[in-house]
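Observations on the three-dimensional arrangement
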Amino acid sequence: MSLIITDDCINCDVCEPECPNSAISPGEEIYEIDANLCTECVGHYDEPQCQQVCPVDCIPKDPDNEESHDELMEKYLIITAAA
Ligand code: SF4
Ligand code: SF4
């Protein structure tokens, strides 16, 4: 499952450099996560790095983008192969 940034985001920019997949970028109003690039950090870390650093805890899992661990690992392998 990809993570999603809610409108509680205060645009602090702390999460963007922590993402190993470059999935986070500034959007028009708040920061955004590209669901095609977010692996919940599977393949890189045990925990989602953005969630660890967000000061306002506004990065939950996206219920509209459910993926199993195996699917996330497959996504990780595709992303790293393309990089
Ligand atoms: S969970 Fe990991 S891969 Fe997904 S946006 Fe956060 S830091 Fe990036
Ligand atoms: S760390 Fe949290 S508050 Fe800061 S830009 Fe990222 S999502 Fe927004």
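Placed above this text is the structure.
The sections below set out a description of the structure shown in this document. (Residues numbered from 1 in each chain as written. Chains lettered and ligands numbered in written order. Predicted model: local features only at pLDDT ≥ 70, side-chain atom pairs only at ≥ 80, totals over all residues. Heavy atoms only, no water.)

Bringing the overall build of the protein chain into the picture now. For the protein chain, the helix and strand inventory stands at 2 helices and 2 strands. What you see in the protein chain, going N to C, is helices and strands ordered as β-β-α-α. The C-alpha atoms of the protein chain give 12 Å as radius of gyration, which agrees with the globular expectation for 83 residues (12 Å, within 12%). With the C-alpha coordinates of the protein chain rotated into their principal frame, the extents come out at 30 × 25 × 25 Å. (Helix = DSSP H or I, 4+ residues; strand = E, 2+ residues; numbered from the N terminus. Rg over C-alpha atoms; globule rule 2.2 N^0.38 Å.)

Right, let's get into the pattern of salt bridges. All chains considered together, the criterion is met by 2 salt bridges. Notably, a salt bridge pairs Lys61 with Glu40, separated by 3.5 Å at the nearest N-O pair. One end of the pair, Lys61, is in the loop between helix H1 (49-53) and helix H2 (69-82); the other, Glu40, is in the loop between strand E2 (31-33) and H1, and 21 residues separate them in sequence. Overall, Lys61 belongs to the partly exposed group, its relative accessible area being 45%. In this structure, the salt-bridge partner of Glu67 is Lys75, at a minimum N-O distance of 3.2 Å. (Salt bridge = Lys/Arg side-chain N within 4 Å of Asp/Glu carboxyl O. Buried < 20%, exposed > 50% of the residue type's maximum accessible area, 1.4 Å probe, protein only.)

Lining the immediate environment of ligand 1, one finds Leu3, Cys19, Pro20, Asn21, Ile24, Ile33, Cys38, Thr39, Glu40, Cys41, Pro48 and Cys50. Residues of the shell around ligand 1, tallied by class, amount to 9 nonpolar, 2 polar and 1 charged. (Near = heavy atom within 4 Å. Nonpolar A, V, L, I, M, F, W, Y, C, P; charged D, E, K, R; others polar.)

Moving on: the site of ligand 2. Taken together, 13 residues are adjacent to ligand 2, and Cys9, Cys12, Asp13, Cys15 and Cys54 come closest. Taken together, the residues that form the shell around ligand 2 break down as 11 nonpolar, 1 polar and 1 charged.

What follows deals with H2. Each full turn of the α-helix corresponds to 3.6 residues, which orients residues three or four apart in the same direction. End to end, H2 covers 20 Å across 14 residues, agreeing with the expected 20 Å (1.5 Å per residue, within 8%). Of the positions making up H2, those classed as buried are Leu72, Lys75, Tyr76 and Ile79. Taken end-on, H2 shows its buried residues confined to a sector of 105°, consistent with a single buried face. H2 presents Asp70, Glu74, Leu77, Ile78 and Ala81 as exposed residues on the side facing more than 90 degrees away from its buried surface. (Expected span 1.5 Å × (residues − 1). Arc of directions from axis to C-beta.)

Bringing the side chain of Asp62 into the picture now. Inspection of the secondary structure assignment puts Asp62 in the loop between H1 and H2. One buried charged side chain, Asp62, makes no salt bridge at all; its nearest oppositely charged neighbour is Lys75, positioned 9.4 Å away. Reaching out from Asp62, the side chain makes a polar contact with the backbone nitrogen of Asp64 at a distance of 2.9 Å. (Lys, Arg positive; Asp, Glu negative; His and termini not counted. Polar contact = N/O pair within 3.5 Å; in protein donor to acceptor, adjacent residues only side chain to side chain.)

As far as function goes, none of this settles anything; it's purely spatial.
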